[in-house]
Amino acid sequence: RGWGQDHLLLLVEEGNEPAIRLYRNMGYKQVWSDPTAKASMPVDFGGNTAMQTVTVTNVAMTKPIKAKPGLLGLGLFGVL
């Protein structure tokens, strides 16, 4: 809220069910997904590691920010 925002937004890969479950339990709701997102993955090439770009599906999740009065005036973030 101190930055003029009233929601948090995060991205998590669709296959990361433990993280999605955690975020849902924390009050986040899925708002959209992007099946064309890119991620970097390490790949072994005969003992050498390189990064390869792969396509993943990112899930966007959001929740409202609930700030405690007084904390933002001290330069501290509100409690979520």
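All of these numbers come straight from a predicted model, not from anything done at the bench.

Looking only at helices and strands, the protein chain features one helix and three strands. Across the 80 residues of the protein chain, 22% fall into the buried class. Across the protein chain, contacts joining residues at least 24 apart in sequence account for 53% of those joining residues at least 6 apart. Approximately 6000 Å² of the protein chain is accessible, and the part contributed by carbon and sulfur atoms is 56%.

As a further point, take the sheet that holds strand β3 (residues 48-64). Spatially, β1-β3-β2 is the arrangement adopted by the three strands of the open sheet, whose pairing is antiparallel. Across the chains shown, the open sheet's two edge strands, defined by having one partner strand only, are β1 (7-13) and β2 (29-45). Averaged over all neighbouring strand pairs, the angle between strand axes comes to 25°, with direction disregarded. Sheet analysis places β1 next to β3, joined by seven bridges and oriented antiparallel. Each bridged residue has a counterpart across the sheet, and for L8 the counterpart in β3 is K63. This element, helix α1 (residues 17-25), spans β1, β2 and β3 of the sheet and lies at about 160° to β1.

Now for the side chain of N58. When you line up the elements, N58 lands in strand β3. N58 sits in the buried class, given a relative accessible area of 14%. N58 has contacts with L11, V12, E13, W32, S33, D34 and A37, leaving out every residue within four places of it along the chain.

Residues L9, L11, V31 and W32 make up a contiguous nonpolar surface patch of about 410 Å² in total accessible area. Contributions of two or more residues to the nonpolar patch are made by β1 and β2. With respect to the helices and strands, the residue V31 is situated in strand β2.

Across 14 bridges, β2 lies against β3 in antiparallel orientation. Looking across to β3, one finds that P42 is bridged to M51. The turn linking β2 back onto β3 is made up of two residues, and G46 within it adopts a positive phi angle of 55°.

Cut-off values and rules
- Residues numbered from 1 in each chain as written.
- Predicted model: local features only at pLDDT ≥ 70, side-chain atom pairs only at ≥ 80, totals over all residues.
- Heavy atoms only, no water.
- Helix = DSSP H or I, 4+ residues; strand = E, 2+ residues; numbered from the N terminus.
- Buried < 20%, exposed > 50% of the residue type's maximum accessible area, 1.4 Å probe, protein only.
- Contact = heavy atoms within 4.5 Å.
- Areas by Shrake-Rupley, 256 points an atom, 1.4 Å probe, with all protein chains shown as cover.
- Pairing = 2+ DSSP bridges.
- Axes fitted to C-alpha atoms, helices over the stretch in contact; angles between N-to-C directions.
- Patch = residues over 30% accessible without salt bridge, like charges linked within 9 Å, V, L, I, M, F, W, Y side chains within 5 Å.
- Salt bridge = Lys/Arg side-chain N within 4 Å of Asp/Glu carboxyl O.

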